[in-house]
Structure formats: C-alpha cells, structure tokens
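# A look at the structure
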Amino acid sequence: MRRLLYVHVFLCCLSMAHPFCPSQCTCVFHGRTDGTGTRSVLCNDPDMSDIPVNVPVDTVKLRIEKTAVRRIPTEAFYYLVELRYLWITYNSIASVDTGSFYNLKVLHELRLDGNMISMFPWESLKEMPRLKTLDLHNNRLTNVPTEAIPYLLNITYLDLSSNKLTTLPSDLMDIWPPFNGAPISTNASQKIVLGLQDNPWFCDCKISKLIEISKMVDTPVVLMDLFLACSGPENLAGVLFQRAELDNCVKPSVMTSATKITSPLGSNVLLRCDATGFPTPALYWAKSDGSPVNNTVQESPGEGIRWSIMSLHGILYKDAGNYSCKAKNVAGNAEATISLSVAGTISTTISPVRPSIRTGPTSQGTTFTTPTEIPEPPSITSTVLPRTSTVPAAPKKPKTTPSNGLQKGSLKQTKTQQGGNGRKLAADEKSKKINVSKSVKDLKIVEETSDSAVLLWTADGLPSDAPLTVVYSPYDEDDIKRTEETNAGSGKMLLEGLSSGMRYSVCLIAKGSDAGKDPCIDFYTLDNVEDGGQNQLFIIISGIACALVLPLIALLLYKILALYCKGSNTALDEEELEKESYVKFETISMKQRTLNSRPTELWARRPTHESERMLLCSRSSIDSQMTYKSDSSRSEYLC
C-alpha cells in the first residue's frame, strides 16, 4: 500500500513538472538526440491584451506579435532566466516600464518594432548586459537622450528608423569607430549596423559626425540606408547627407605654447593652449596618469576662440609627465600634449648666523669674536650647502670702555649690530619690492571714450594669479580715488564711470611693492560731443527746412493776393464781357389786331429776362437747322 502511495506522489510531481503552455500561445520544443533542446513560444492571438505570465521557464525565444497588448509591466519576464530572444512586434504597446526587462541577464536580442512607443526607458538596458540587438524601428520616438549613451556601448545592431527623430546627441557617435579612437578593423563581425532612415533629420552641427560617417567608404559603422536626407533647415531640405555642406560647423583645432618643457625642481610652471572651432570649443586638461588637474584658467576672447592656462606651483618629481589639453564641441574633438620634465634638486637658501658677543672676565674692556672671512649666503643652489661656523663681522669696530661702562657698551654694540642687520633686511625687502614693481610694465591706455577707458599692462615675472590693485582718480584729486581688484594674468581692466574731458591718473599696485614705486600713467577722456553734435545737426536740418519752406510760403501769399485782386474786378469784367460777347435778345410776339390799326403792324416787341434769352438762344440754334416750307412756319424766336 505504501509503494502505491509513493508511485502516486511521483506521478503527481511529474505532471506538475511538465511545462504548461498558455492557452493563447503555441509552445514548441526543439529537441536534440542527446535529450537537450530549446523551447520557443509564439503568442499571436488578436484578443490577447496582457503579457502572459505562465510562459514555461525554460523558454529561450518568446514572440508576442499582432496582439492588443498596450503595456509591458514591471518584471514581466523576471522568471524567464534562460530567455535569449524577445520579440514583441506589431502590437499596440505605448508604455514600457523601467523594470520591464528585469533579470534578463542572458538576453541577446530585443525587438519592439511596429508599436506606438514614444518614450523608451533606456536605463532598463542595464538589466540586459549581453544585449547586442535592439530594434525600435517604426515607433514614435522623438529623441535619444545623452543619458542613454552608456547603455548602448555593447549594442552592435541598433535600428531607429521610421521614427520622429530630428537629431542625435553628438556624443553618441563617439562610442563607435573612428570617433572613439579605436583602430579600424576590417573584420565583419565587429561591424556596427545602424538603421536611421525615414526620420525628419535637421541637418546642423549636432549630427555632423553622422553626416561624416555617411560620406566614409571604409568604416566599421554601416548604415542600412546610405541615402539619408535632410528635412531641415530650409536651404538643405531634401539634400542627401553625402552632399550636405554644413555652415558654421568647424572641428576644434588645438595649439600649445610648447611640446616639451624642462623646469627646475620647486619652480613655477605655466602651461598654455589655444583652441579654435565653431561652435566655440570647451577646453579641459588631463594628465596621462589620470591624476586630477587643478589651477586652470580659461577665457574666450571671441566667437570660435578659447585659451586655457594651467599653473603648477613649486613643482615636484610627481608633477612630471604628459599633460593633454583637450578641446571639444559638437563637431568633434581635438587634443595636444605637453611633456613636462623636472630637473635638479630642491633650491635652498641659507640664512646668515646671528653674531655672538662675548665679554671678558676682567674689567679691562669687551672682547669680540670676529671671523676671518664673511661668506655670502647663496640665494639658489643646486645642492644643500653645509652650515658654516663663522659669523658675520660687526659693522663697526667696538671701542674699549672702562669696567663701569661694560654693560652699557655691550648694549650699545648689540643695538648697533641689530640696526645694521635691520637696515640690510630692509634694503633686501626694498629691493624685492622694487623688483615686484618693475615686473609690471608696458602700462598704457587705449579705447578712451567720454566715460570709460581700457588699461593694458604686461606682467613679466609675476604669476597669472598674482593680485593687483588698480587705483585711479582725477589728476591731483587724491581724495576721490577709486580702486579695482584684478590679477596679473588678465592684462587689461575697463575703467568706467569717468567724467568727460578730464585728466585722470591711474596706478597699478602689486602686492608687496614699495609705496611710490608703482607704475602710473595719465590720460584724458574724450569730450562729450554727442549733445553738441545733435544740436548742430538740428540746426543744419532747420536751416535746410527754412530755405525750402520760405519760398513756398512767399509763393502761396502771392497767389492769395493775386486771387483777391482778381475778385474785386469780377463785376466789371462781366459787364464788359456781356457787351462784347452777347447780343441782346428780344421776344417778338403777335400784336392784337384792331380795326383802326395799321395792317402792317402785326408784331410787337417786349424786353426779355436773362434766363429767357439763354433759352431762346438754344431753341433758335435748333430751329436754324430745319428746312422750312413756308415763311409762316419759321420760328418765332430770333437771336
């Protein structure tokens, strides 16, 4: 009975161990003669709306195609530890979580083409360290962020075609040859395949490296479609990458002040490099051993130009090596190397030994110990000198005094020696101050205006970061001085807030310089002629306007007077015109007959008004053109 129970439990466990295939999928096991094999699962049910969760754990290839799946949830495939090929193509996927591909450590190929993905979680690629193929074509991607570049280092097949990409990060091409500096190999297995066609590319400096790759013949980066075309800007719309010429896009070029420098141990060294390019390149320094580089200063005096200076103070043997000045912009990279060598030993300055004073035991006088030779302390030596046992001689020969004045004489002599040493140190300090002041030279003023001026100088022997103080004021008016702080390496200073047409004095004071020994210069600001110029221009314009308007006014007055005079004679002219030009019209009418009247007096005359006269004249002119059959039919109106 117990044996039957064991057999039943074994059969139950065996049935549970048999892989279960989802109802909406098809599972196929590709077995071998040795009993091993691989399993592939195909899910293509149009009614499937979610990623299946009961896929056999030994699945090597999973295909989810032409379904209604809209989202890939977090850890959707975490139990498929043997999955190598994942195809989720031509679905309706619009959202992919960051942890969707968690625990897919052996995945080689990920295809998500034919979906509606607009934002892809590029950081999820770190969960797939062995991924080589990434297919995202025919989606809605609009950009590839710079943060995605580290996750694409191992990708050898990247398809981003048929999306909405207009540009790519300029650093993306730097991970592949020839821009990554790796040697170009002809091995076909090391080729990088890129699919970038069918995108609305905006051809500017950001994709200049991609345009350069399209023009190369032998390159490890292979484009699926060589005939990529620009969609913008307007002057390049429709132009192929192979024929596109970009404006304002120049690779950086780096030039250094020297290629090899040898400097003594403990000295100060300045390394400088200049770079040109468009857009203006960024400069940074790097050491060959990877150690950090500090104390750098850079400036861009104009568009497309930048320079940088690195300062090394008190160099040691560890500072020797190669220093690279690297320039970079979106069009490319460039670098130049300076080799620094350190020679000699540490420079040492030996301070003089203080003089010693010994007094004798008797009351006869004071006894001093004097050397036979006074050595000069070296300022800089290549080796460390041994300490000398001699002492400097006293500046003055002491006088012997009685015993009761011994202490007083000793104190006096000590003060004399201290005073001598103090004067010597003061002289040395003064010499140093004078040297510091002389290190600033070629002081001059340029670009004077009515309210500003530019001060230029040359710092010879001072480090670039040495502090300087610019003091300026109106001439002989020291109570209203103004100061500006700067450094020796800047070489120029803009003086603002000046008054026009005045004389100014400006001095450049270095730290530690002696008072009164600083370089100074006088200059004049320009007169403010802007207002006067405007007034003069106004006067000229007013004069021209007056010269043009006054004749017109005179002509207008003449016309008005002429019209007025003509109006006063209008009535007289009309009367004369009437006499000369018109005939007096009269109306002839039939006279009423009487028995006693004469038969010949059939017509009578009566005066007519002006309106009737004009009407009769018109009527008469019409009747005059008619042909009359008899005299009785003539018009009764006569002009």
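This next bit is on the packing of aromatic side chains. All told, the structure shown has 3 aromatic pairs when counted by the stated rule. Geometrically, the ring pair formed by Tyr78 and Tyr79 is edge-to-face, given 5.7 Å between the ring centres and 85 degrees between the ring planes. Seen from their ring centres, Phe120 and Trp122 are 5.0 Å apart, and the 75 degrees between their planes marks the pair as edge-to-face. For the pair Phe120 and Trp122, one class covers both residues: buried. Of note, Lys209 hangs over the ring of Phe179, and the distance from its end group to the ring centre comes to 6.0 Å.

Judged by how many residues are buried, strand β3 (residues 59-65) sits mostly within the fold: 5 of 7 residues are covered. In this sheet, β3 lies alongside strand β2 (residues 37-43) in parallel orientation, the contact comprising 5 bridges. Along β3, the bridge assignment pairs Cys43 with Ile64. The pairing of β3 with strand β5 (residues 85-89) spans 5 bridges and is classified as parallel. Bridging across to β5, Glu65 finds its partner in Thr89.

Turning next to the environment of His30. Residue placement: His30 occurs in strand β1 (residues 25-31). Given the relative accessible area of 41%, His30 is considered partly exposed. Along the primary structure His30 and Ser40 are separated by 10 residues, whereas in three dimensions their C-alpha atoms are 7.9 Å apart. Beyond its immediate chain neighbours, meaning those up to four positions away, His30 contacts Thr36, Gly37, Thr38 and Ser40.

Turning our eyes to something else, we now look at the sheet that holds strand β20 (residues 321-329). Within the open sheet, the 4 strands sit side by side as β15-β21-β20-β17. Their pairing is mixed. The open sheet terminates on both sides in strands that have one partner only, identified here as β15 (260-264) and β17 (282-287). Averaged over all pairs of adjacent strands, the angle between their axes in this sheet comes to 25 degrees, without regard to strand direction. Both β15 and strand β21 (residues 332-343) contribute to a ladder of 5 bridges, which runs parallel. Across the sheet, Thr262 pairs through a bridge with Ser341, a residue of β21.

Spatial strand order, β1-β2-β3-β5-β7-β8-β9-β10-β12: 9 strands in an open sheet with mixed pairing. With partners counted over all chains shown, the strands left at the sheet margins are β1 and β12 (221-223), one partner each. Pairwise comparison of adjacent strand axes, ignoring direction, gives a mean angle of 10 degrees for this sheet.

For the rest of this paragraph, the subject is the nonpolar core. Membership of the largest hydrophobic core comes to 63 residues, with the highest contact counts inside it found for Phe77, Leu86, Phe101, Phe120, Trp122 and Leu134. Looking at this core, the elements that each hand over two or more residues are β2, β3, β5, β10 (192-195), α2 (208-215) and β12. If one sorts the elements of this core by residue count, α2 sits on top with 3 residues. Ignoring sequence-local partners within four residues, the contact set of Trp122 consists of Leu134, Leu136, Val144, Pro145, Ala148, Tyr151, Leu152 and Leu160.

Conventions we followed
- Residues numbered from 1 in each chain as written.
- Predicted model: local features only at pLDDT ≥ 70, side-chain atom pairs only at ≥ 80, totals over all residues.
- Heavy atoms only, no water.
- Phe/Tyr/Trp six-rings, centres within 6.5 Å; stacked < 30°, edge-to-face > 60°.
- Buried < 20%, exposed > 50% of the residue type's maximum accessible area, 1.4 Å probe, protein only.
- Lys NZ or Arg CZ within 6 Å of the ring centre and 35° of its normal.
- Helix = DSSP H or I, 4+ residues; strand = E, 2+ residues; numbered from the N terminus.
- Pairing = 2+ DSSP bridges.
- Contact = heavy atoms within 4.5 Å.
- Axes fitted to C-alpha atoms, helices over the stretch in contact; angles between N-to-C directions.
- Core = buried A, V, L, I, M, F, W, Y, C linked by side-chain atoms within 4.5 Å.

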